[in-house]
Amino acid sequence: MKRAGRLMFVAVPLVAVTVYVAVPDQKGDDGPSDARNSSPSASSGSGSSGSADLDSPEKKELAQRIVSSAENSSLDWRDQYDYVEDIGDGRGYTAGIIGFTTGTHDLLKLVELYTESHPDNALEPYLPALRSVDGSDSHEGLDPGFTAAWKEEAQKDAFKRVQDSQRDRVYFGPAVRLAKRDGLGALGQFIYYDAMVMHGPGDPGFHGIRERAMAEADTPTEGGDEQSYLDIFLDTRRATMKSEKRDTTRVDTAQRRFLYEGNLGLRTPLEWKVYGLSYKID
């Protein structure tokens, strides 16, 4: 028998440094796509009924800010194109607006695509090393010049556009489409997107987390309750993060907070915490 979600707020003690940021709505680059399936729980209150999907311009912009709070401790996601460092997570260098890494295939693919359309760039000489270290945390062939080359190219609009395109193609688009198929509103679409960003696709990865959650609870498309299903999805993701020895506050005091407030439409204002920092978007 599939179980119901807990739907009660779990307080996680944190030493908080408050960073309140009020940011006006801005337009993203993608417009709305197909309407999602309606969910049984989205018909009343502060649920998802009548709210925009995550791929609407305003919601997409909001999603990038929330992800950036967890990935870069900043709501200014557009300031992260030139970000690059090894954060010690076993994936080599982490870089760019979504945390592409040298230890996984996404950063290598990004540089390959960029080089196809813009040859002789500062990153092209590092392609052999990127192919060699793919799947590891090694810096062999990358130090000392790779980080400077990344920062140099990140000043160019063309490289920013390639980062945007790969974020949407590999992470944002697939996560939102699958969430709509499961009957989820904007919050559920964001929960899928953030999981796809951190864990990547596949199993182990986002798809494995989703499959394990679906084994325990019905999605709204299957006739289940939206809040209960998302609660169990977050339980499953949290267990995966704990097994990888990752900080879980982006789930505990951000996404779980939105869920327990019944904010299935991911409507502003929003307040949350990540890594002990507090954020607010009016």
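Residues numbered from 1 in each chain as written. Predicted model: local features only at pLDDT ≥ 70, side-chain atom pairs only at ≥ 80, totals over all residues. Heavy atoms only, no water.

The next point concerns the confidence of the model for the protein chain. A residue-level look at the protein chain finds 82% of positions with pLDDT of 70 or above and a mean pLDDT of 87. Throughout residues 8-49 the model reports pLDDT below 50, and contacts reaching past four residues in sequence, or to other chains, amount to 109 contacts. (pLDDT = per-residue confidence, 0-100. Contact = heavy atoms within 4.5 Å.)

Turning next to the pattern of salt bridges. In total, this model carries 21 salt bridges according to the counting rule given. Between Glu112 and Arg131 there is a salt bridge; the shortest N-O distance is 3.1 Å. Residue Glu112 is located in helix α2 (residues 105-117), and its partner Arg131 is located in helix α3 (residues 127-133); the two are separated by 19 residues in the primary sequence. Glu112 gets classed as buried once you look at its relative accessible area, which sits at 19%. Looking at Arg131, the relative accessible area reads 45%, which means it is partly exposed. In this structure, Glu244 and Arg246 form a salt bridge, with 2.7 Å as the shortest nitrogen-oxygen distance. Since its relative accessible area comes to 35%, Glu244 is described here as partly exposed. Within this structure, Lys60, Asp164, Arg167 and Asp168 form a network of salt bridges that share partners. (Salt bridge = Lys/Arg side-chain N within 4 Å of Asp/Glu carboxyl O. Helix = DSSP H or I, 4+ residues; strand = E, 2+ residues; numbered from the N terminus. Buried < 20%, exposed > 50% of the residue type's maximum accessible area, 1.4 Å probe, protein only.)

Structural remark: α-helix, 3.6 residues per turn; residues separated by three or four positions point the same way. Of all the 12 residues making up helix α9 (residues 249-260), 11 are buried; the element is thus mostly covered by neighbouring parts of the structure. Two residues or fewer past α9, Gly262 is found with a positive phi of approximately 75°.

Turning our eyes to something else, we now look at the environment of Asp218. On the secondary structure map, Asp218 appears in the loop between α7 (206-216) and α8 (226-243). A relative accessible area of 32% places Asp218 in the partly exposed class. Measuring from C-alpha to C-alpha, the distance between Asp218 and Asp182 comes to 9.2 Å, with 36 residues separating the pair along the chain.

What follows covers the pairing of strand β6 (residues 277-281). In terms of burial, β6 is largely enclosed, as 4 of its 5 residues are buried. Relative to β6, strand β5 (residues 270-274) runs antiparallel, the two being bridged by 5 bridges. The partner of Glu271 across the bridge, within β6, is Lys280. The turn linking β5 back onto β6 is made up of 2 residues, and Tyr275 within it adopts a positive phi angle of 55°. (Pairing = 2+ DSSP bridges.)

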